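If you want the building blocks of each chain, they are given just below.
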Amino acid sequence: MATKGLLERLNSGETVAIAEGYIFEFERRGYLQCGSFVPEIIIERPDLLKIMHEEFVHAGSDVVLAFMYYTHREKMRLIGREDDLETINKDALKIARQVADDTGTLMAGNLCNTTLYNPDNPDANESVKEMFKEQVQWSVEAGADFIIGETFNLLGEARLALEVIKTYGKGLPAVITLTPNPDGKMRDGIECANACKIIEDAGAAAVGVNCHFGPTTMLPILREIRKTCKGPICALPVTYRTTPEHPSFMSLVDPKTGALAFPVDLPALLCSRTEIAEFTKAAMEIGVQYIGLCCGNAAHYMRTMVETLGRLPPASRFSPDMSKHCYYGTDEKVSSYCKARKTEYHTES
């Protein structure tokens, strides 16, 4: 078990770094399908999930997030695997708990947008409540240190998730992150910052934003949340170059073809590591205390973020050092003949 819990860290002013983004990373590796985005890999290749958890901790994540995104009953029904519902959730939690115990990090259970919640359909929302309840109870049984509710576009669904965590979570802290529309408002019409305040006042340990927005377009939303909320705030952008014209990665267009890039051509719009570092610095200046990366994340991005926080995770042993590069190196051991070729590749402006 981790030596310090989430609340202890937040209350003492520490910054908590968390790696998300498992969905896109496994899709890139050929183990998860674009479209339904259901992580069947949990059952089929648990060894690879364990390795990815370890990679993210190696890169500096303070939290092992149980891979429960889109493992809820509605998504499992969609792909015809509802009979595997309990297995996939319990396996995800078991693997996450093992890695957290092995590395001294925190383990978080996970709730997410259900695609079923409807403000005008009480029956559907009762089903959502039951879906949340079973995942919260499984998280408690597995020894989660806290529970995350994420990617909620509807304030009503986020409030329901928090309510279920408080009712059935046996006192575990809740972190709730919202995903507003491109205009900064929730689908219910309320400004994201005001929605965060409502969630904070209802008892969430930390509130903020995750997904859809890249570093550039998330920062203005974070500034408004910081003005509105008193407690710890969260920031987990996607790693894509969103713009004021295309504030969400779901609306980005391929710079070469002009066609919609989401989801398969998004690699053409990935952020640089420098952009991740700049976002991290800006988020710290705003007062973000719980920070990470969502869709598009990978270990090298996570290491960059954590190093920008002033830490040296194990992966920092292999952080870039160009001094021994054959052309760009400055080390005296590098061949002078090779170093002379530098100008063939790059001319200083």
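My aim in this report is to walk through the structure given alongside it, one point at a time. Here the structure is a predicted model, which is why all the values come from computation and not from measurement.

Conventions we followed
Residues numbered from 1 in each chain as written. Predicted model: local features only at pLDDT ≥ 70, side-chain atom pairs only at ≥ 80, totals over all residues. Heavy atoms only, no water. Helix = DSSP H or I, 4+ residues; strand = E, 2+ residues; numbered from the N terminus. Rg over C-alpha atoms; globule rule 2.2 N^0.38 Å. Contact = heavy atoms within 4.5 Å. Axes fitted to C-alpha atoms, helices over the stretch in contact; angles between N-to-C directions. Parallel < 35°, antiparallel > 145°, perpendicular 65-115°, else oblique. Left-handed = near helix turned anticlockwise from the far one by under 90°. Nonpolar A, V, L, I, M, F, W, Y, C, P; charged D, E, K, R; others polar. Patch = residues over 30% accessible without salt bridge, like charges linked within 9 Å, V, L, I, M, F, W, Y side chains within 5 Å. Areas by Shrake-Rupley, 256 points an atom, 1.4 Å probe, with all protein chains shown as cover. Salt bridge = Lys/Arg side-chain N within 4 Å of Asp/Glu carboxyl O. Phe/Tyr/Trp six-rings, centres within 6.5 Å; stacked < 30°, edge-to-face > 60°. Buried < 20%, exposed > 50% of the residue type's maximum accessible area, 1.4 Å probe, protein only. Lys NZ or Arg CZ within 6 Å of the ring centre and 35° of its normal. Arc of directions from axis to C-beta.

**A word on the overall build of the chain**
Now for step 1: Looking only at helices and strands, one finds 14 helices and eight strands in the chain.
Now for step 2: For 349 residues, the compact-globule estimate of 2.2 N^0.38 gives 20 Å, and the chain sits close to it at 21 Å.
Now for step 3: Projected onto the principal axes, the alpha-carbon positions of the chain cover approximately 75 × 45 × 45 Å.
Now for step 4: Considering only intrachain contacts with a sequence separation of at least 6, the fraction spanning at least 24 residues in the chain is 73%.

**Topic: the packing of helix 6 (residues 85–103) against helix 7 (residues 122–141)**
Now for step 1: The N-to-C vectors of helix 6 and helix 7 enclose an angle of 40 degrees; their axes lie 10 Å apart at closest approach. One finds that helix 6 runs oblique with respect to helix 7. Both helix 6 and helix 7 take part in a crossing whose hand is right-handed. Only E134, Q135, W138, S139 and E141 of helix 7 make contact with helix 6, whose side of the interface consists of L85, E86, N89, K90 and L93.
Now for step 2: Residue composition of the contact of helix 6 with helix 7, by class: three nonpolar, three polar and four charged.

**Quick look at the packing of helix 11 (residues 273–286) against helix 12 (residues 299–308)**
Now for step 1: Closest axis-to-axis distance for the helix 11/helix 12 pair is 9 Å, and the angle between their directions is 40 degrees. Classed by the angle they form, the pair helix 11 and helix 12 counts as oblique. In this structure, the crossing between helix 11 and helix 12 has a hand that is right-handed. Packed against helix 11, whose contacting residues are R273, I276, A277, F279, T280 and K281, the element helix 12 presents H300, Y301, R303, T304, M305 and T308 at the interface.

**Concerning a nonpolar patch on the surface**
Now for step 1: Where nonpolar side chains cluster on the molecular surface, the patch consists of M322, Y328 and Y345 and spans about 310 Å² of accessible area.
Now for step 2: Looking at the element boundaries, Y345 is found in helix 14 (residues 342–345).

**Section: the packing of aromatic side chains**
Now for step 1: For the coordinates displayed, the defined rule picks out 11 aromatic pairs.
Now for step 2: Both rings, one in F24 and one in F262, keep their centres 6.5 Å apart while their planes meet at 40 degrees; by these two values the pair is tilted. Taken together, the residues span a long stretch of sequence, with F24 in helix 2 (residues 22–28) and F262 in the loop between strand 7 (233–236) and helix 11 at a distance of 238 residues.
Now for step 3: Here F24 falls in the buried class, since its relative accessible area comes to 9%.
Now for step 4: Among the aromatic residues, ring-to-ring pairing joins F24, F37, Y240, F249 and F262 into one connected group.
Now for step 5: In this structure, K75 is placed above the aromatic ring of Y70, and the distance from its NZ or CZ to the ring centre is 4.2 Å.

**Here's the deal with helix 9 (residues 192–201)**
Now for step 1: Listed in full, the buried residues belonging to helix 9 are C192, A193, A195, C196, I199 and E200. Across the axial projection of helix 9, the buried residues extend over an arc of 160 degrees, all falling on one side.
Now for step 2: Where helix 9 terminates, the next one or two residues include G203, which has phi positive at roughly 115 degrees.

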